[in-house]
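Here's the letter readout for the chains.
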Amino acid sequence: MTTSGTTSFNLDLNNLVEEAFERAGREVRSGYDMKTARRSLNLLTIEWSNRGINLWTVEQGTIALEQGKITYALPVDTIDLLDHVIRTQTGINQTDINITRISGSSYATIAVKNSQGRPVQVWVNRQSGAISATSLTLNGGIDSSVTTITLNSTDGLAATGYIKVGAEIIGYTGKTPTTLTGCYRGQAGTTATSHLTLAPVSVAFLPNVNLWPSPDQDNFYTFVYWRLKRIQDAGNGPTDQQIPFRFLNCMVAGLAYYIAMKIPEGQERLDRLKADYAEQWMLASDEDREKAALRLAPRQMFI
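The paragraphs below set out a description of the structure included in this document. (Residues numbered from 1 in each chain as written. Predicted model: local features only at pLDDT ≥ 70, side-chain atom pairs only at ≥ 80, totals over all residues. Heavy atoms only, no water.)

## Details of the sheet that holds strand β4 (residues 95–98)
Across the sheet, which stays open at both edges, the four strands sit in the order β1-β17-β3-β4 with antiparallel pairing between neighbours. Where the open sheet ends on each side, the last strands, each with one partner, are β1 (58–64) and β4. Averaged over all adjacent pairs, the angle separating strand axes in this sheet is 35°, with direction ignored. One ladder, built from nine bridges, connects strand β3 (residues 78–88) with strand β17 (residues 221–229); its direction is antiparallel. Across the sheet, residue V85 finds its bridge partner in β17, namely V224. (Pairing = 2+ DSSP bridges. Helix = DSSP H or I, 4+ residues; strand = E, 2+ residues; numbered from the N terminus. Axes fitted to C-alpha atoms, helices over the stretch in contact; angles between N-to-C directions.)

## Side note on unusual backbone geometry
Leave glycine aside and you will find that most residues have negative phi; peptide bonds, for their part, are mostly trans. Residue P213 follows W212 across a cis peptide bond; omega there is -10°. Looking at the secondary structure, you find P213 in the loop between β15 (208–212) and β16 (214–215). Positive phi, normally seen in glycine, also occurs at Q89, with a value near 60°. Relative to the helices and strands, Q89 is located in the loop between β3 and β4. Given the relative accessible area of 38%, Q89 is considered partly exposed. Non-glycine residue A188 carries a positive phi angle of around 55°. Relative to the helices and strands, A188 is located in the loop between β13 (179–181) and β14 (200–204). (Buried < 20%, exposed > 50% of the residue type's maximum accessible area, 1.4 Å probe, protein only.)

## Thoughts on the pairing of β15
When you tally the buried positions in β15, you get four out of five residues, the bulk of the element. Bridging between strand β2 (residues 71–73) and β15 involves three bridges; their strand directions are antiparallel. Its bridge partner being in β15, T71 is matched across the sheet by N210. Across five bridges, the pairing between strand β7 (residues 121–125) and β15 is antiparallel. Paired with N125 across the strands is N208, a residue of β15.

## Side note on the environment of T147
Its location among the elements puts T147 in the loop between β8 (131–137) and β9 (149–150). For the pair T147 and C183, spaced 36 residues apart in the sequence, the C-alpha separation amounts to 4.5 Å. Here T147 is in contact with L180, T181, G182 and C183, once residues within four sequence places are set aside. (Contact = heavy atoms within 4.5 Å.)

## Considerations on the pairing of strand β11 (residues 168–172)
Of all five residues making up β11, five are buried, and the element is well covered by its neighbours. Taking every second residue as pointing to the same face, both faces of β11 are buried, with E168, I170 and Y172 on one and I169 and G171 on the other. Note that strand β10 (residues 161–165) and β11 share five bridges and pair antiparallel. Counterpart to K164 in the pairing with β11 is I169. Where β10 folds back onto β11 in an antiparallel hairpin, the turn is made up of two residues, including G166, whose phi is positive at roughly 60°.

By themselves these figures say nothing about function.
Here it is as structure tokens:
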């Protein structure tokens, strides 16, 4: 028997929406049907992120640590960190050392946050990643290296945080009524560049990590992490979704259930579609898991 010889079957957005509408009891009839399905699909992927780890969205990253610097920005689409270590040196001398994650309340109780040494604890500050427009502007142009930035005002800005000017994200560690001080340029994968006076300033609510103690030297420590990132948006008609093939049926089942909740034809099918979605999620999520042997190591800590 002759087979196809291919294993590339996929559903782009148009075909995925058509399949989901058919399961919900009607055909795609208008541009609005596509629009409402795309909105539901984006909400569906957010639900998946809330359900737990999606292995295909796990990504490794590194941050070179600087002496005395406490806070480091994570990529804007980070949901959470799964694992992290402090790496020292490189090559045959490279060593990965465990770093303990603590809560925000535990970090708040550390009396001397700017003490220096090898970092042993990390607080992951899970911000939304949103960029919010403000009425703030630069009061004077800046080049790519200045670390004190003058604004028309700093009202409404947190004592420390991140701003966005043009395409550049800038971290700051202090402020006065009109200036941001201790600025770190080109954060979160952006590039430090020059900006003209009166350039608009936005607030960036970036997820970030806070290390204790802060590094006691440059070019020695690297923070290595494995992060859970957001699933990419649905996009437009000819685009494929950012999921492995084993989740295709689950995505169709979930989208059909979401669509059925919004159309008259789908009301009588709701219970059946919900049950099918639950079954498909269980099948896909059970397959999307680590399959290494479980190893438990006893550990005792004293505080």
